[in-house]
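Residue-level structure breakdown
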Amino acid sequence: MEPVRVRYPPSPTGLPHVGNIRTALFNWLLARHTGGQFILRIEDTDRERLVEGAYEAILESLRWLGLDWDEGPEAGGPHAPYIQSERQKLGLYAEAARELVEKGDAYRCYCSTERLEKLRERQAINSLPTGYDRRCRNLSREEQARYQEEGIPPVVRFKMPLTGRTTFHDLLRGDVTWDNARMDDYVLLKADGFPTYHLANVVDDHAMRITHVLRGDEWLASTPRHVLLYQAFGWEPPQFAHLALVLGEDRAKLSKRHGAVALLDFRDDGYLPEAMVNFLALMGWSLDDKTTLISRADLVKHFSLDRVSASPAAFDLDKLKWMNGSYIRQLPLEEFTGRALSFLEDPDHGLPPRIPRPLDRNYVQRVCALLQERVRTLAEMSEQAELFFTDEVIYPPLLIWAGMGDKELRRRAEAGEDLSNVPLPENAPAVRTWLDAALAILKETYSLPADKSADPTIHHVLDIIAGKTPWLHKDLENACRALAGELQVKTGELFGALRVAITGRITAPPLFQSMEVLGRDRTLKRLQAAAARLPQQGTG
RNA sequence: GCCCCCAUCGUCUAGCGGCCUAGGACAUCACCCUUUCAAGGUGGAGACCAGGGGUUCGAAUCCCCUUGGGGGCACCA
């Protein structure tokens, strides 16, 4: 395919959401695949609906996903400016509108908004087709002059052909035909001097030499108007392809009530941009019958319009989570640590604020090693890593029994039931003896001096020669397995009790590795605190 | 109401006339692994290809109708 010039023309009236960004991605992929250009153009012609921060969010969304633009704001380019309000100041649109008026393809309309509203109302009541009634289409010179004298600012309307049909070829859907009579004389230039989307996008797409217009399905119905406009100007229209919309999980059009839909929400929820790109690419495009995990490079290499689906896709958050988890697991540990670190330190989305920053990178890396294959998002890291960053863990003592394997208790704990006031089972003193015994045994196990911890294996050997057992998960496990034998309890039962005592949770990373990361001090303190909360033998 | 677009497992999709008793992925279920949770492995259930007519020796694939879903009908994009 020849190099294309495509554009992404967002309007700063809100935060870009995933459906919108999906369109940007497809444009970007087509540009990169063909070696063409991807152009960013800001369509801020609606002065009333501008939203503060939306412009920044647009740029940030593209940057986060790595969708770099060849021309546009900040990048510049041969067709600058790329912000329509600035182009408006240059008189580009007014000039184009005047040209059409002079040629007789457009006219000035002085109808008030009130009249138009009433008109629409009447049409609705009588179930007539809505649309402008062309009252100003054939105004006499005198009438026009009179309105002008009254100082009514006119809009410029396109003079729609009253008969005939307009056909255009959609790259995804084939030929689409409209009856011209079905379309009204739509507005090109508003009373405030700003163009409507219809005028602005045609004028700019032509000026910027856009070859392919890849946009959402919501534009399909206005494409014949655009085609007619190109004809009126005597310009060659670009190729069109209308992408099916992205729907919410309930198959309705994606909107705020579907939860996170703004692209940057996903960043804040701990999704990786590469996973997001992969996932979005698969909303309407596919490589073949079995590939789901595709690198950005392969996406660029293989993307093509004829593998784009014409039917709408529902957003499947579960699949995104899975895919994100898969990308997380693929990351080298160092890389994962880097990303997790900045996320964990973030005051809004990371660890609770009471945990002091900055975090120690080496320590975070050891935590990451345990959690990497257990989280699907970075936000899950925040939850699961917390126990490694606090001195004490808080939990109802009864949770120990849930950890030991009591199915009913476990179910209740997982259901979020408050177990703090439920009386402890009769074997509580026995369980306490386990914890005490574990505490005694683990006290025999030593941490490596800090300066030695760089190479634990060598020092492990040295310490064994010296008669010491270092604080390494293998040794901890051996010790506790032996203890289970002595106590004549199942290993799973003992380990489960220890897990809750030490981590405060019934599910956590592998017990002995967690203990190793937590270190001797914290582990022993937590064990002691846990034991102290259980009744002693004979004291009832 | 009018116009347009779309239609394969719950979801994303493969399929562009015979390779399909419809393939993959997520989710789901069972089992294996296992100190919990994950991850991983194995297997299962899950779509009579929306329904009905054609065309054809032969249709998920082409055509028509119906139904359903979506979009559009602004001095919003």
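Please refer to the structure placed before this passage.
Keep in mind that this is a model prediction, so the values were computed, not measured. Residue numbers restart at each chain and count upward from 1, following the sequence in its written direction. Working convention: letters from A go to chains and numbers from 1 go to ligands, in the order in which they are written. Only residues with pLDDT of 70 or above have their local features reported here, since the model is predicted, and side-chain atom pairs are shown and tallied only from 80 upward, although totals for entire chains, interfaces and linings are computed over all residues. The basis for the side-chain values is all heavy atoms of the structure; hydrogens and waters are excluded.

**Some thoughts on the packing of aromatic side chains**
- Pairing of aromatic rings covers Phe, Tyr and Trp, the last through its six-membered ring, and needs centres within 6.5 Å; plane angles under 30 degrees mean stacked, over 60 mean edge-to-face, and all others mean tilted. Overall, the coordinates contain 12 aromatic pairs when judged by the stated rule.
- On the numbers, 5.3 Å between centres and 65 degrees between planes, the contact of Phe-26 with Phe-303 is edge-to-face. Placement of the pair is Phe-26 in helix H1 (residues 18–34) and Phe-303 in the loop between helix H11 (296–302) and strand E11 (313–314), with a sequence separation of 277 residues. An identical accessibility class is assigned to Phe-26 and Phe-303; each is buried. Under the DSSP-based scheme used, a helix requires at least four consecutive residues in state H or I and a strand at least two consecutive residues in state E, with every element numbered from the N terminus. Only protein chains enter the area calculation, which uses a 1.4 Å probe; residues under 20% of their type maximum are buried, those over 50% are exposed, and those in between are partly exposed.

**What about the environment of Leu-263?**
- Locating Leu-263 in the fold gives a position in helix H9 (residues 263–268).
- Between the C-alpha atom of Leu-263 and that of Arg-251, which follows or precedes it by 12 residues, the distance is 19 Å.

**Focus on the packing of helix H10 (residues 273–281) against helix H12 (residues 317–330)**
- Angular values range over 0 to 180 degrees, each being the angle between N-to-C directions of two axes fitted as lines to C-alpha atoms, with helices fitted over their stretch in contact. Their axes nearest at 9 Å, the elements H10 and H12 cross at an angle of 135 degrees. Considered as vectors, H10 and H12 are oriented oblique to each other. Both H10 and H12 take part in a crossing whose hand is right-handed. Contact residues: H10 offers Glu-274, Ala-275, Met-276, Asn-278 and Phe-279, while H12 offers Lys-319, Leu-320, Met-323, Asn-324 and Tyr-327. We call two directions roughly parallel when the angle between them is under 35 degrees, roughly antiparallel when it is over 145, roughly perpendicular when it lies between 65 and 115, and oblique otherwise. If you view the pair so one helix is near and one far, a crossing is left-handed when the near helix is turned anticlockwise from the far one by less than a right angle, and right-handed when it is turned clockwise. For this analysis, residues touch if any pair of their heavy atoms sits within 4.5 Å.

**Remarks on the side chain of Thr-166**
- By the element assignment, Thr-166 lies in strand E5 (residues 165–170).
- Here Thr-166 falls in the buried class, since its relative accessible area comes to 4%.
- Among the polar contacts made by the side chain of Thr-166, one reaches the side chain of Asn-180 at a distance of 2.6 Å.
- Those residues in contact with Thr-166 that sit more than four places away from it in its chain are Val-176, Thr-177, Trp-178, Asn-180, Pro-224, Val-227 and Leu-228. Polar contacts here mean pairs of N or O atoms no more than 3.5 Å apart (in protein, one a potential hydrogen donor and the other a potential acceptor; neighbouring residues in sequence count only if both atoms are side-chain atoms).

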